[in-house]
Amino acid sequence: MRTVGVQKKRQKMPLRTFRVDKDVLDKVSMIADSERNSVNAIVNRILRDHVLYADPAKNEYDGVTINGKILKKMIELIPSEQLDASAGEMGAELFQEVNFLGVWVKNAESFCNLLSDGFCRYSNWASYNEMRSGNKLKITLSHNRGLKWSRFLQNFLNWQLSRLEDVKIADIDFLCADSCLIISFPYVKSNE
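For clarity, every value in this text was computed on a predicted model and none was experimentally measured. (Residues numbered from 1 in each chain as written. Predicted model: local features only at pLDDT ≥ 70, side-chain atom pairs only at ≥ 80, totals over all residues. Heavy atoms only, no water.)

*Asks:* Which residues make up the overall build of the protein, and what values go with them?
*Replies:* Looking only at helices and strands, one finds six helices and four strands in the protein. Ordered by position from the N terminus, the helices and strands of the protein form the series α-α-α-α-α-β-β-α-β-β. Across the 192 residues that make up the protein, the buried fraction comes to 31%. Restricting the contact set of the protein to residue pairs at least 6 apart, pairs at least 24 apart contribute 63%. Summed over its atoms, the accessible surface of the protein is roughly 13,100 Å², and 53% of this surface lies on carbon and sulfur atoms. (Helix = DSSP H or I, 4+ residues; strand = E, 2+ residues; numbered from the N terminus. Buried < 20%, exposed > 50% of the residue type's maximum accessible area, 1.4 Å probe, protein only. Contact = heavy atoms within 4.5 Å. Areas by Shrake-Rupley, 256 points an atom, 1.4 Å probe, with all protein chains shown as cover.)

Right under this line is the structure:
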C-alpha cells in the first residue's frame with residue numbers, strides 16, 4: 001500500500017445491490033475491522049483487484065499462484081547471471097505489452113502505482129513502502145526471498161524504469177539486500 005503520494009480524484013461510484021454469501025461477508029467484515037476500513041471499501045478493492053489484476057493475470061498472462069518457499073527454492077537453483085538476464089528479458093516483454101495496450105502512462109507516479117498495487121499488494125512480490133526525503137523518493141520493496149529475489153526485482157523493473165518520461169535512469173539508485181530492494185530516484189511532483 002502506498003504511504004506517500006498524490007491524493008487520487010474520487011471516482012463516481014454508482015449504487016448497486018448484490019447478494020453475498022454470509023460466510024464471505026463475515027470474512028470481508030473481519031478484514032475491514034482488522035484494517036480499520038469500511039466493508040464497502042474492502043469490497044470495492046476486491047472487485048478492483050479482480051478486474052484489473054486477477055482476471056487479466058489468469059486469462060491474458062497465464063499467471064499462476066505459487067508458494068513463496070517454493071519460489072525461493074526455484075530461484076536459488078538458477079545461476080545469478082542467468083536469473084539477471086532472464087529477469088530483464090521478462091520485464092521488458094511484460095512492460096512492452098502493458099505499454100502497448102495503453103494501460104498506463106510512462107511516468108514515475110504511474111510506475112509507483114503499478115508497482116504498489118499490481119506487483120506488491122495484489123501479486124505479493126514484496127511489501128511496498130515509499131518515503132519522500134527532500135527531493136528524493138525512496139521505495140522499499142521488502143520480502144523474505146533472499147538476495148537473488150532482490151536482484152530479480154531490480155532487473156525485471158529496470159526496463160520500464162529506463163523508459164520513464166519524467167525520470168532519467170542515471171538518476172535512479174538501487175540497493176539490493178537479502179530482505180529488500182531499495183529504489184531511490186528524484187521526487188517528481190504530479191501535474192494534477
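*Asks:* Provide a residue-level description of the sheet that holds strand E2 (residues 136-142), including the pertinent values.
*Replies:* Note: strands within a sheet are paired through backbone hydrogen bonds, in either parallel or antiparallel orientation. With antiparallel pairing, four strands are arranged side by side in an open sheet as E1-E2-E4-E3. The open sheet terminates on both sides in strands that have one partner only, identified here as strand E1 (127-133) and strand E3 (173-176). Each neighbouring strand pair of the sheet contributes to a mean axis angle of 15°, computed without reference to strand direction. Examined bridge by bridge, E1 and E2 share seven bridges and lie antiparallel to one another. In the sheet register, Glu130 faces E2, and the bridge partner there is Ile139. (Pairing = 2+ DSSP bridges. Axes fitted to C-alpha atoms, helices over the stretch in contact; angles between N-to-C directions.)

*Asks:* Quick rundown of the pattern of salt bridges? Include the residues and the values.
*Replies:* One pass over the full model with this rule turns up three salt bridges. A salt bridge links Asp84 to Arg151; its shortest N-O distance comes to 2.0 Å. Linking Asp84 in helix H4 (residues 80-100) with Arg151 in helix H6 (residues 147-161), this pair joins segments that are 67 residues apart in sequence. Look at Asp84 and you get buried, because its relative accessible area is 14%. Ionic pairing is found between Arg121 and Asp117, a salt bridge with its closest N-O pair at 3.8 Å. Of this pair, Arg121 and Asp117 are both found in helix H5 (residues 108-122), four residues apart, which corresponds to roughly one turn of the helix. (Salt bridge = Lys/Arg side-chain N within 4 Å of Asp/Glu carboxyl O.)

*Asks:* Describe in detail the packing of aromatic side chains, supporting the description with residues and values.
*Replies:* Inspection of every chain in the model, using the stated rule, returns nine aromatic pairs. Pairing Phe95 with Phe119 gives two aromatic rings, centres 6.0 Å apart and planes at 50°, and the pair type is tilted. Pair noted here: Phe95 is in helix H4 and Phe119 is in helix H5, with a separation of 24 residues, a long-range link. Each member of the pair, Phe95 as well as Phe119, carries the same accessibility label: buried. Ring geometry for Phe152 against Phe156: centres 5.7 Å apart, planes inclined by 25°, an arrangement best described as stacked. Within this pair, Phe152 and its partner Phe156 are both found in helix H6, separated by four residues, close to a single helical turn. The class of Phe152 is buried, set by a relative accessible area of 8%. Aromatic ring contacts, followed pair by pair, group Phe95, Phe119, Trp125, Trp149, Phe152 and Phe156 into a single cluster. Across from the ring centre of Tyr187, 3.9 Å away, lies the NZ or CZ of Arg132, which sits over that ring. Lying over the aromatic face of Trp149, Arg145 brings its terminal NZ or CZ to 5.8 Å of the ring centre. (Phe/Tyr/Trp six-rings, centres within 6.5 Å; stacked < 30°, edge-to-face > 60°. Lys NZ or Arg CZ within 6 Å of the ring centre and 35° of its normal.)

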